[in-house]
Amino acid sequence: MKARCTPLLLLLVLLLMGLPQSSQAQEVGSTPAKGKFYTLFRPVPRDSLQELRPDRPGVTESPYTVDAGHFQLETDLFRLINSRDKQHRERDFNVNHALIKLGLTQRMDFQVGIDSYSWEKQWDEHQEPERNQGFGDVTLRLKRSILGEHGKPGALAVVGYVRLPAGRNVGNEKAEYGLIIPYSYDFSKKLNLQVQLENDLRYDSEAGERFVRVSPSSAIDYEFSKKFSSFVEIVGQWDTRQSSWQASVNLGPQFNISDNVILDGGAHLALTREIDREYFLGLSFRI
C-alpha cells in the first residue's frame, strides 16, 4: 500500500505535463507586452519578463514558472537545522543548497537542485556524537503551470521530482519521489495567499523501508513597500510511520534588491516536539 500511493500521483503529473494544449498560446505561452510566442530557443525579451516569484523562502512554493529562455537561481546561502526525537538529536549546517531553473516554455521549466555542502552531527544523550560532511543529493524537478496568466490573480501548477543520492557521507541512501501542487491567489498588489499539497515517497535508512509523507501548507505574503515584504506560513506533516500530525510556523522578511534579485531570511519554528527547527538566509536571482 505504501509503495502505490506516490507512483500513482507521479503518473498523474506526467499525464498532466504531457497533455496536448488547445492552442499554440497555451503550449508555449506569450507575454502580453509583445503578443508573441516564446520558447527555450526564443527567449522572452528582458523588457517583457514577469515578476520574479521564486519557490523560496517558505515550504509553500510558487505556481509560476521561469520565463522561457531564462535561468533562475534560488539558494540557501546557509541553513541551520536542529532535530530532536526523544533522546536522539541531530544538527545540520547547509551551505549553498541551490535550485537552478531553466524556462522551457511560458508554462514549463526544468529544475536541478544541488545540495552543495553539508555538515551533519547526530548523537544520543551520554554518547559521543557522529559527524559527517560533504556533497549531498541531486534533485531533478519539472514544473508545469496548469492555470494562470499574466495579470490574473490565481495560478495553479504541478511539480514532479526525483531526489537522487549523490553524496558519499551525507544525504539519502536511495532515490525519493514526490508530487507538489501549489496554488496562489493575489488579493491585491500587496497581499498574496498560497496553499500547497505535497505527497512524497521517502526512505527511512534506519528502518530500511519506504514511507509516504503528506505535507499541506499555507502562506501569506504581504508587501510593505516595493523593497520590503514578509511571509507567515503554517506547515503540517504526517507520514505512515506515525499516528499524529506535526506542525511548524515559518516566517521571515524578503528584500527586493532589484527586479531580478531577492534576499530573504527567516526561521521554521516548531509547534510540535518532533518537527525540525530551522534558521536560514537565502538569495534568488535570474538572468
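Anyway, here's the lowdown on the structure attached to this text. Note that this is a predicted model, so its numbers are computed, not measured.

1. Thoughts on the packing of aromatic side chains
Part 1 of the argument: Tallied over the entire structure, the rule returns 7 aromatic pairs.
Part 2 of the argument: Consider the rings of F228 and F255, whose centres lie 5.5 Å apart with planes at 40 degrees: the pair is tilted. Taken as a pair, F228 in strand β10 (residues 228–239) and F255 in strand β11 (residues 246–258) lie far apart in primary sequence, 27 residues in all.
Part 3 of the argument: Given the relative accessible area of 36%, F255 is considered partly exposed.
Part 4 of the argument: In this structure an aromatic cluster arises from ring pairing among F78, F93, Y117 and W119.

2. Observations regarding the pattern of salt bridges
Part 1 of the argument: Under the definition given, this model contains 17 salt bridges.
Part 2 of the argument: Across the pair K101 and E74 runs a salt bridge, and its minimum N-O distance is 2.7 Å. Remark: E74 occurs in strand β1 (residues 71–85) and K101 occurs in strand β2 (residues 88–105); sequence separation between them is 27 residues.
Part 3 of the argument: A relative accessible area of 1% means that K101 is categorised as buried.
Part 4 of the argument: Residue R79 is joined to E278 by a salt bridge in which the shortest nitrogen-to-oxygen separation is 2.6 Å. Of this pair, R79 sits in strand β1 while E278 sits in strand β13 (residues 277–286), and the two are 199 residues apart along the sequence.
Part 5 of the argument: Ionic contacts of the salt-bridge type, sharing partners, join the residues D55, E61, E74, K101, R141 and K143 into one network.

3. Let's talk about a nonpolar patch on the surface
Part 1 of the argument: Together, Y183, Y185, F187, L191, V195, I220, Y222 and F224 make up a nonpolar patch on the protein surface, roughly 700 Å² of accessible area in all.
Part 2 of the argument: Looking at the nonpolar patch, the elements that each hand over two or more residues are β7 (176–186), β8 (191–204) and β9 (209–223).
Part 3 of the argument: Note that Y183 resides in strand β7.

4. Focus on the side chain of K101
Part 1 of the argument: Here the side chain of K101 touches D55 through a polar contact of 2.8 Å, side chain to side chain.
Part 2 of the argument: Discounting residues that sit within four places of it in the chain, K101 has contacts with D55, V66, H70, F71, Q72, E74, D109, F110, Q111 and K143.

5. Observations concerning the pairing of β2
Consecutive side chains along a regular strand alternate between the two faces of the sheet.
Part 1 of the argument: Where β1 lies against β2, 14 bridges are found, and the strand directions are antiparallel. Its bridge partner lying in β2, E74 is registered against L99.
Part 2 of the argument: Hairpin connection, β1 to β2: the antiparallel pair is bridged by 2 residues, and K86 has positive phi, about 55 degrees.
Part 3 of the argument: Direction of pairing for β2 relative to strand β3 (residues 108–124): antiparallel, over a ladder of 16 bridges. Paired with T105 across the two strands is M108, which belongs to β3.
Part 4 of the argument: Counted between consecutive antiparallel strands, the loop separating β2 from β3 contains 2 residues.

The rules we used
Residues numbered from 1 in each chain as written. Predicted model: local features only at pLDDT ≥ 70, side-chain atom pairs only at ≥ 80, totals over all residues. Heavy atoms only, no water. Phe/Tyr/Trp six-rings, centres within 6.5 Å; stacked < 30°, edge-to-face > 60°. Helix = DSSP H or I, 4+ residues; strand = E, 2+ residues; numbered from the N terminus. Buried < 20%, exposed > 50% of the residue type's maximum accessible area, 1.4 Å probe, protein only. Salt bridge = Lys/Arg side-chain N within 4 Å of Asp/Glu carboxyl O. Patch = residues over 30% accessible without salt bridge, like charges linked within 9 Å, V, L, I, M, F, W, Y side chains within 5 Å. Areas by Shrake-Rupley, 256 points an atom, 1.4 Å probe, with all protein chains shown as cover. Polar contact = N/O pair within 3.5 Å; in protein donor to acceptor, adjacent residues only side chain to side chain. Contact = heavy atoms within 4.5 Å. Pairing = 2+ DSSP bridges.

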